[in-house]
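In case you want the letters, here they are:
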Amino acid sequence: MDDADSRSRLAAHAAARLLEGDEVAVAGFLFDMDGTLVDSLPAVEEAWRLWCLEHGLPEPDSLVHGRTARDMVTGAGVPAHLVAQGVERLSEIESRPGQVLSLMSGTEALLAALPAERWGVVTSATRRVSDARLAAAGVVDPHFRVTGDDVERGKPDPEPFRLGTEILHTGLAAAGIALEPVPAPPIAVEDSPAGTRSARSAGCLTIAIAPESLHHELRASAHIVLTSLEAVQVRVEDAELLV
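Undergrad: Outline the environment of Gly 86, listing residues and values.
TA: For Gly 86, the position within the fold is in helix α4 (residues 83–94). Distance from Gly 86 to Ala 135, taken between C-alpha atoms, is 24 Å for residues 49 residues apart in sequence. Residues contacting Gly 86, with those up to four places away along its chain left out, are Trp 51 and Val 73.

Listed below in C-alpha cells is the structure:
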C-alpha cells in the first residue's frame, strides 16, 4: 500500500471515530479561506462580476468558487499570452482597499484554541488577495499559507493540500512535536466541492462547512459535513492536538 492509500485510510478511520463521538488526535488544521474562515463569498462574486464586465464576458456561475484565478481566467477563454495580465487585473480588483469582511461563525473561538504551529491556510486565492482578505476580516497572520501562486495545479487537484500537509509536518518537526509512531492526519476545512475533493485526495480528514441546503452535495467528497465551525472543539494534551 502506498503512502497516499495509507493517509486516506488513516483519515477515514479518524473520521469514523469522530462520527461515533470519540475524541481523536490530529496533526493540525488546514483551512480554506473564502467561505470557511472569512465570510467573503459576496466579495469574491462581485470581483468576478466586475472583471467579466471589463472583459465583455458573461457573468460567472457557481463554478467560480474554489478555483484559482489562473484556472478561471484560462477557462473564460482568455488567450494564453494575456492570462497573466488577466490574473493581475483580477487580483487588483479582489484586493482593493476599503473592504470590511467578517469572520465565519465559530472561526474566532477555534483559532484562539489552536496553537499557532498547528494551523495554516490553503486557499485558491493569490497571496496578494489572501493578504487583503485576512487583514480585512481581522484574522491573525497564519503560521503558513499555501496560495494559488504556490501550486501548478489548483483545487480540485490534491497538490494544494499535499503541500499544506508537508509544510505543517515540517513545522511540527522543527518544533520538536513528533507525529509517530502512528501519524495523525491533518483536518482540512473546506466549503466547496473542488476544495473537499482536493483535500480528501491528499489524505486529509475532510470537514465541509456549508448551509444545510448544500450538505447532500458535499457528502460525496467530505468525510464530515457541518453547518458551522462552532461544532468543532479542540484541546491540547501533552503534545497531542485532540478534536
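On we go.
Undergrad: Got a sec to walk through α4? Specific residues and values, please.
TA: In an α-helix there are 3.6 residues to a turn, and that puts residues three or four apart on one side. Over its 12 residues, α4 runs 16 Å from end to end, which matches the ideal 16 Å to within 8%, given 1.5 Å per residue. Of the surrounding secondary structure, the elements contacted by the buried residues of α4 are α2 (41–54), α3 (69–75) and α6 (127–137).

Undergrad: Give me the lowdown on the nonpolar core, citing residues and values where you can.
TA: Phe 29, Phe 31, Leu 114 and Leu 205 are the most contacted members of the largest nonpolar core, which totals 35 residues. Elements with a minimum of two residues in this core: α1 (3–19), β2 (29–31), α5 (107–113), β5 (119–122), α6, β7 (187–190), β8 (205–209) and β9 (224–226). Per-element tally for this core: the top contributor is α1, with four residues. Sequence-distant contacts of Leu 205, that is, excluding residues within four places in its chain, are made with Ala 11, Ala 14, Ala 15, Leu 18, Pro 186, Ile 187, Ala 188, His 223 and Ile 224. Counting residues in hydrophobic clusters, the runner-up holds 15 residues, among them Val 122, Val 151, Leu 179 and Ala 199.

Undergrad: Would you mind going over the sheet that holds strand β10 (residues 235–237) in detail, with residue names and values included?
TA: On the basis of which strands lie adjacent, the open sheet formed by three strands has the order β1-β11-β10 and antiparallel pairing. The sheet is open, and its two borders are formed by β1 (25–26) and β10, each paired with just one other strand. Pairing between β1 and strand β11 (residues 240–242): two bridges, direction antiparallel. Bridging from a neighbouring strand, Ala 25 pairs with Leu 242 of β11.

Undergrad: Quick rundown of the pairing of β5? Include the residues and the values.
TA: Note on strand geometry: in a regular strand, side chains alternate between the two faces of the sheet. Burial along β5 is two-sided: Trp 119 and Val 121 facing one way and Gly 120 and Val 122 facing the other are all buried. In this sheet, β5 lies alongside β2 in parallel orientation, the contact comprising three bridges. By the bridge assignment for β5, Phe 29 is matched with Trp 119. Where β5 meets strand β6 (residues 145–146), two bridges bridge the pair, whose relative direction is parallel. Looking at the pairing, Val 121 lines up with Arg 145 of β6. What joins β5 to β6 is α6, and the crossover it makes is right-handed.

Undergrad: Please give an account of unusual backbone geometry that cites residues and values.
TA: With an omega of 15 degrees, the peptide bond between Lys 155 and Pro 156 qualifies as cis. As for its placement among the helices and strands, Pro 156 is situated in the loop between β6 and α7 (159–174). Although it is not a glycine, Asp 238 adopts a positive phi angle of roughly 55 degrees.

Undergrad: Requested: an account of the packing of α2 against α4, with residues and values cited.
TA: For the pair α2 and α4, the least separation of the axes is 9 Å and the interaxial angle reads 135 degrees. Classified by the angle their axes make, α2 and α4 are oblique. In the crossing of α2 with α4, the sense of the turn from one axis to the other is right-handed. Contact residues: α2 offers Val 44, Ala 47, Trp 48, Leu 50, Trp 51 and Glu 54, while α4 offers Gly 86, Arg 89, Leu 90, Ile 93 and Glu 94.

Undergrad: Can you tell me about the packing of aromatic side chains, naming the residues and giving the values?
TA: What the rule picks out here adds up to three aromatic pairs. Ring geometry for Phe 29 against Phe 31: centres 5.5 Å apart, planes inclined by 15 degrees, an arrangement best described as stacked. As far as burial versus exposure is concerned, Phe 29 and Phe 31 are alike and both buried. Arranged with centres 5.8 Å apart and planes meeting at 75 degrees, the rings of Trp 48 and Trp 51 form a pair that is edge-to-face. On the criterion of helical spacing, the pair formed by Trp 48 and Trp 51 is a turn pair, its members being three residues apart in helix α2. Classification of Trp 51 as buried rests on a relative accessible area of 0%. Among the aromatic side chains, those forming a connected cluster through ring pairs are Phe 29, Phe 31 and Trp 119.

Undergrad: So what about the pairing of β7? Which residues, and what values?
TA: The two faces of β7 match: Ile 187 and Val 189 on one face and Ala 188 and Glu 190 on the other face are all buried. As paired elements, β2 and β7 share three bridges and run parallel to each other. Residue pairing across strands places Phe 31 opposite Val 189, the latter belonging to β7. Sheet topology places β7 next to β8; four bridges connect them, and they run parallel. The partner of Ala 188 across the bridge, within β8, is Thr 206.

What counts as what
- Residues numbered from 1 in each chain as written.
- Predicted model: local features only at pLDDT ≥ 70, side-chain atom pairs only at ≥ 80, totals over all residues.
- Heavy atoms only, no water.
- Helix = DSSP H or I, 4+ residues; strand = E, 2+ residues; numbered from the N terminus.
- Contact = heavy atoms within 4.5 Å.
- Expected span 1.5 Å × (residues − 1).
- Core = buried A, V, L, I, M, F, W, Y, C linked by side-chain atoms within 4.5 Å.
- Buried < 20%, exposed > 50% of the residue type's maximum accessible area, 1.4 Å probe, protein only.
- Pairing = 2+ DSSP bridges.
- Right-handed = clockwise from strand over helix to strand, strands pointing away.
- Axes fitted to C-alpha atoms, helices over the stretch in contact; angles between N-to-C directions.
- Parallel < 35°, antiparallel > 145°, perpendicular 65-115°, else oblique.
- Left-handed = near helix turned anticlockwise from the far one by under 90°.
- Phe/Tyr/Trp six-rings, centres within 6.5 Å; stacked < 30°, edge-to-face > 60°.

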